Amino acid sequence: MNIDNGIVLKNYHINRKKLLLLDAQRGKIEVTYREHQSRIQQLVHGAHINYKFEAHNARPSIAHINIMAMPCHLARTNISFFHMILELCHHFIPINSNTEPIFELVHYLFTTPSTLSQSAQYLALCRFFALVGMYPEELPIAEESFNELCYQSFNDTILTKKLDSSEHHMIQSWVLRCIDVHPKKNTFKTFFTLAKNGI
């Protein structure tokens, strides 16, 4: 039996029997499920799960769900950033797109036991938007510096990187511009927190 991996972006719960997943291979997908009620209630937002993917119908389904990890540390230490990542995945990742690098980034953010500094959070957002192909018309940062910040491997080593005040301002401005171009930005629950107070 082939086993697939995904992160729960949204659980529509029992009455709809549907999940929104960030699948490691298939990107953002909506699936139905065949599981007991008690198991589905354990599928909190951000949970890393594995499952058997089945595509027999117009809407694919998953079965044999196992919970691999919970985003406990990030949800406990920075609930606003945790919800921001979930919200950005929901709104910016197209359905059925190849997003393996994004899955790896989100999986790292949700499972690392390290506390993310403000610099690491902005670098993560910058990398996320670069991976989904967001490029504001006016880039408030030199291209060479931007590429260095966005496309290096996001792992434990980047957690120690400190942005100076100039880099921080440029990255924050760039992230806000990426969010600002979305047609539904006024419905975002985390956007105004970021805009007013920073992360």
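Notes on the structure in this doc start here. (Residues numbered from 1 in each chain as written. Predicted model: local features only at pLDDT ≥ 70, side-chain atom pairs only at ≥ 80, totals over all residues. Heavy atoms only, no water.)

## Thoughts on helix α4 (residues 100–111)
Put simply, the rule reads: Where helices and strands are cited, they refer to DSSP runs of H or I of at least four residues and of E of at least two residues respectively, numbered from the N terminus. Expected helix span is given by 1.5 Å per residue-to-residue step, counting one fewer step than there are residues. Each residue's exposure class comes from its accessible area (1.4 Å probe, protein chains only) as a fraction of the maximum for that residue type: buried when under 20%, exposed when over 50%, partly exposed otherwise. Residue contacts are counted whenever heavy atoms from the two residues lie within 4.5 Å of one another.
Taking 1.5 Å as the rise per residue, α4 with 12 residues should run 16 Å; its terminal C-alpha atoms sit 16 Å apart, in good agreement. Of the residues making up α4, those classed as buried are I102, F103, L105, V106, Y108, L109 and F110. Packing partners of the buried residues in α4 comprise β1 (4–11), β2 (18–23), β4 (48–54), α2 (72–77), α3 (79–92) and α5 (118–131).

## Here we look at the packing of aromatic side chains
Threshold: Ring geometry is summarised as follows: Phe, Tyr and Trp rings, the Trp one being its six-membered ring, pair when their centres sit within 6.5 Å, and such pairs are stacked at plane angles under 30 degrees, edge-to-face over 60 and tilted between the two. Think of it as a cone above the ring: NZ of Lys or CZ of Arg counts as a charge over the ring if it is within 6 Å of the ring centre and within 35 degrees of the ring normal.
For the structure shown, the criterion picks out 5 aromatic pairs. With a centroid separation of 5.4 Å and an interplanar angle of 80°, the aromatic rings of F128 and F129 are classed as edge-to-face. F129 carries the same exposure label as F128, and that label is buried. Aromatic rings pair up to connect F92, F128, F129, W174 and F188 into one cluster. A cation sits over an aromatic face here: K18 above Y12, 4.4 Å from the ring centre. Cation over ring: R26 sits above F53, and NZ or CZ is 3.7 Å from the ring centre.

## A closer look at the pattern of salt bridges
Going by this rule: Salt bridges are defined as contacts in which a side-chain nitrogen from Lys or Arg sits within 4 Å of a carboxyl oxygen from Asp or Glu.
Applying the stated criterion to the full structure yields 5 salt bridges. With a closest N to O distance of 3.1 Å, D4 and R26 form a salt bridge. Note that D4 is positioned in strand β1 and R26 in the loop between β2 and β3 (27–33), a separation of 22 residues in sequence. Among the residues examined, D4 registers a relative accessible area of 13% and is labelled buried. Judged by its relative accessible area of 28%, R26 falls in the partly exposed class. Here E54 makes a salt bridge to K52, at a shortest N to O gap of 3.7 Å. You can call E54 buried: its relative accessible area is 10%. Using a relative accessible area of 25% as the deciding quantity, one classes K52 as partly exposed.

## A short note on the pairing of β1
Two faces make up the sheet, and in a regular strand the side chains alternate between them. The condition is simple: Note on pairing: DSSP must find at least two bridges between two strands before they are called paired.
Summarising burial for β1: 6 of the 8 residues are buried, a large majority. Looking at chain direction, β1 and β4 are connected through 4 bridges and run antiparallel. Its bridge partner lying in β4, N5 is registered against N50.

None of the figures reported here should be taken as evidence of function without further support.
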